[in-house]
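# Coordinate analysis (summary)
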Amino acid sequence: YLRKAQDIINELSLALNLKKGGEVAHRLESLYQFMLRELTQANIHSERKTIESVLKVLIPLKEAWDQLMNPDNGNGNRNSHKPNGKNVKLTSRC
């Protein structure tokens, strides 16, 4: 499963547009590179603690994506995730 996690994180990294994404994209890139290094070390040394350090970063990122993609974020406003109430088309370069 470590290799699959590395593949997914690598795809996320490749999908970043560092020119248009600004500081957020650069910070995400740093997080993705950290996770890739840690997963490589975990794979080489069979270190559970290293995997746990990656999960501490990855789980909040996943939760943030879930909130962005959830049309009803719990506050009763179904359009709160849409800028100006308009639908946003999310695309991937993957």
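Residues numbered from 1 in each chain as written. Predicted model: local features only at pLDDT ≥ 70, side-chain atom pairs only at ≥ 80, totals over all residues. Heavy atoms only, no water.

### As for the packing of helix α2 (residues 18-45) against helix α3 (residues 48-69)
What describes two packed helices is the angle between their axes and the distance between those same axes. For the pair α2 and α3, interaxial distance at closest approach is 9 Å and the crossing angle is 150°. One element, α2, and the other, α3, form an angle in the roughly antiparallel class. Here α2 runs over α3; the crossing is left-handed. Where α2 approaches α3, its residues Leu28, Leu31, Tyr32, Phe34, Met35, Glu38, Leu39 and Ala42 are matched on the opposing element by Thr50, Ile51, Ser53, Val54, Val57, Leu58 and Leu61. (Axes fitted to C-alpha atoms, helices over the stretch in contact; angles between N-to-C directions. Helix = DSSP H or I, 4+ residues; strand = E, 2+ residues; numbered from the N terminus. Parallel < 35°, antiparallel > 145°, perpendicular 65-115°, else oblique. Left-handed = near helix turned anticlockwise from the far one by under 90°. Contact = heavy atoms within 4.5 Å.)

### Some thoughts on the confidence of the model for the protein chain
As a general rule, the predicted coordinates of low-pLDDT regions are not to be interpreted in detail. For the protein chain, per-residue confidence averages 82 on the pLDDT scale, and residues scoring 70 or more make up 74% of the total. Across residues 78-85, where pLDDT falls below 50, the model places 10 contacts with residues more than four positions away in sequence or in other chains. Below pLDDT 50 for its whole length, residues 90-94 participates in seven contacts with residues either more than four positions away or in separate chains. (pLDDT = per-residue confidence, 0-100.)

### Some details on the pattern of salt bridges
Here the idea is simple: oppositely charged side chains can pair when their charged atoms come close. Evaluation of the coordinates by the stated rule reveals four salt bridges. Where Arg3 meets Asp7, a salt bridge forms, and the shortest distance between an N and an O atom there is 3.1 Å. In this pair, Arg3 and Asp7 both sit in helix α1 (residues 2-15), four residues apart, roughly one turn of the helix. The class of Arg3 is exposed, set by a relative accessible area of 53%. A salt bridge links Lys62 to Asp66, with the shortest nitrogen-to-oxygen separation between them at 2.5 Å. Residue Lys62 and its partner Asp66 are located together in helix α3, separated by four residues, close to a single helical turn. A residue is classified by how much of its surface remains accessible, and Asp66, at 38% relative accessible area, is partly exposed. (Salt bridge = Lys/Arg side-chain N within 4 Å of Asp/Glu carboxyl O. Buried < 20%, exposed > 50% of the residue type's maximum accessible area, 1.4 Å probe, protein only.)

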